[in-house]
Amino acid sequence: MTRSRLIAGLILALALLVYLLASAPARLLLSVVPGEGLILQGVRGTLWNGQASRVLLATGSGWLHLGATEWQLRPLSVLLFSPELAIESQWGRQTVEGDLKLYSEEEFALRGVQVSVDAALLRQYLPVGLEGEFSLQFDKLLVRDKALEEAVGRVVWQNGGWVSPQGPRQLGSYAVDLSTPEPGMIQGQVISLAGDLEAQGQVGLQ
């Protein structure tokens, strides 16, 4: 075999490999995603640009419905062994979007996070009947060893209220600017945006 034929064969094999990788079906995720933590249904598209008609994420209080979800996986990040993907999901009025980067099984980061959820969703996590809408905007969230290591962003509670034994009580709209002055320590500045009930001050969580 001449050198030119060998080079041509290598180029052809490389082109075939690139084509197979580029057209890899999204359903390949079903064989690697742990079913006890994440459920994907109605998967279509490619591994790099795919959709699922329904996604459920396991939490300590049950399954969190993300609804219809789209993702874009950046090929270069896979070669660097730190997969990075852009995610968008919608389930009714609930929307989620942001960039997810996986460093290991115990460490991942979220950037450019935009989340909007009905306050009623939190009733399965808190023993209080809340009303209104929560929106979250985070520049960065870093989770390491299942603990929040770093957070920079804001949480807004619009048209907030709670369902008391005497009936609904309207409170107002509020915001909390969050940061992490040190790893594992979350600090927030409470701001009143509207309403008769005013709240201000600092909150902390370790």
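Residues numbered from 1 in each chain as written. Predicted model: local features only at pLDDT ≥ 70, side-chain atom pairs only at ≥ 80, totals over all residues. Heavy atoms only, no water.

1. Some thoughts on the overall build of the chain
Note the following rule: Secondary structure elements are taken from DSSP: a helix is a run of H or I of four residues or more, a strand is a run of E of two residues or more, and numbering for both begins at the N terminus. Any residue under 20% of the maximum accessible area for its type is buried, any over 50% is exposed, and the rest in between are partly exposed; the area is computed with a 1.4 Å probe on protein chains only. Here, two residues are considered to be in contact whenever any of their heavy atoms come within 4.5 Å of each other. Using a 1.4 Å probe, the Shrake-Rupley method yields the accessible areas, and only the shown protein chains count as cover for residues.
Scanning the chain from N- to C-terminus turns up two helices and 11 strands. Along its sequence from the N terminus, the chain presents helices and strands in the succession α-β-β-β-α-β-β-β-β-β-β-β-β. Within the chain, the fraction of its 206 residues that count as buried is 29%. Within the chain, contacts between residues at least 6 apart in sequence are counted, and of these 27% link residues at least 24 apart. For the chain, the accessible area works out to roughly 13,300 Å², and carbon and sulfur atoms hold 60% of it.

2. Looking at the pattern of salt bridges
What counts is decided by this rule: For this document, the term salt bridge refers to a Lys or Arg side-chain nitrogen within 4 Å of an Asp or Glu carboxyl oxygen.
In this structure the tally under the stated criterion is eight salt bridges. One salt bridge in this structure joins Asp118 and Arg93, with 3.2 Å as the shortest N-O distance. One end of the pair, Asp118, is in strand β6 (residues 107-118); the other, Arg93, is in the loop between β4 (84-91) and β5 (94-104), and 25 residues separate them in sequence. Of the residues examined, Asp118 reaches a relative accessible area of 29% and is grouped as partly exposed. One salt bridge connects Arg144 with Glu149, and the closest N-O pair in it is separated by 3.2 Å. Judged by its relative accessible area of 30%, Arg144 is partly exposed. Taking the relative accessible area as the measure of exposure, Glu149 reaches 21% and is therefore partly exposed. Taken together, the salt bridges that share partners define one network made up of Arg74, Glu84 and Asp99.

3. Digging into the nonpolar core
Formally: For this analysis, a nonpolar core means a set of buried residues of the types Ala, Val, Leu, Ile, Met, Phe, Trp, Tyr and Cys, connected via side-chain atoms within 4.5 Å.
One finds Ala119, Leu130, Phe134, Phe138, Val155, Trp157 and Leu178 to be the most contacted residues of the largest nonpolar core, which totals 15 residues. Every element with two or more residues in this core is listed here: β6, β7 (130-144), β8 (147-164) and β9 (167-182). The dominant element in this core, judged by the number of residues it contributes, is β7, at four residues. Sequence-distant contacts of Leu178, that is, excluding residues within four places in its chain, are made with Phe138, Ala151, Val152, Gly153, Val155, Ile186, Gln187 and Gly188.

4. Some points on unusual backbone geometry
Here the phi dihedral of Asn159 falls at roughly 50°; this positive angle occurs in a residue that is not glycine. Tracing the chain through its elements places Asn159 in strand β8.

5. Quick word on the sheet that holds strand β1 (residues 38-45)
Note the cut-off: Each pair of strands is called paired provided DSSP finds at least two bridges between the two strands. Lines are fitted to the C-alpha atoms to define the axes, a helix being fitted only along its stretch in contact, and any angle between axes, read from their N-to-C directions, falls within 0 to 180 degrees.
Pairing in this open sheet of 11 strands is antiparallel, and the strands run β1-β2-β3-β4-β5-β6-β7-β8-β9-β10-β11 from one edge to the other. Across the chains shown, the open sheet's two edge strands, defined by having one partner strand only, are β1 and β11 (201-205). On average, each strand axis in the sheet is inclined to that of its neighbour by 20°, with strand direction left out of account. Bridge analysis of β4 against β5 gives eight bridges, and the strand direction is antiparallel. By the bridge assignment, Glu84 is partnered in β5 with Lys101.

6. What to know about the packing of aromatic side chains
How we decide: In summary, the pairing rule links any two rings of Phe, Tyr or Trp, Trp by its six-membered ring, whose centres are within 6.5 Å, and it sorts them by plane angle into stacked for under 30 degrees, edge-to-face for over 60 and tilted for everything else.
Throughout the structure, instances matching the rule amount to two aromatic pairs. On the numbers, 5.3 Å between centres and 10° between planes, the contact of Phe134 with Trp157 is stacked. Of this pair, Phe134 sits in strand β7 while Trp157 is found in strand β8, placing the two residues 23 residues apart along the sequence. Both residues of the pair, Phe134 and Trp157, count as buried. Measuring from centroid to centroid gives 6.2 Å for Trp157 and Tyr174, while their planes differ by 45°, and the two rings are tilted. Linking Trp157 in strand β8 with Tyr174 in strand β9, this pair joins segments that are 17 residues apart in sequence.

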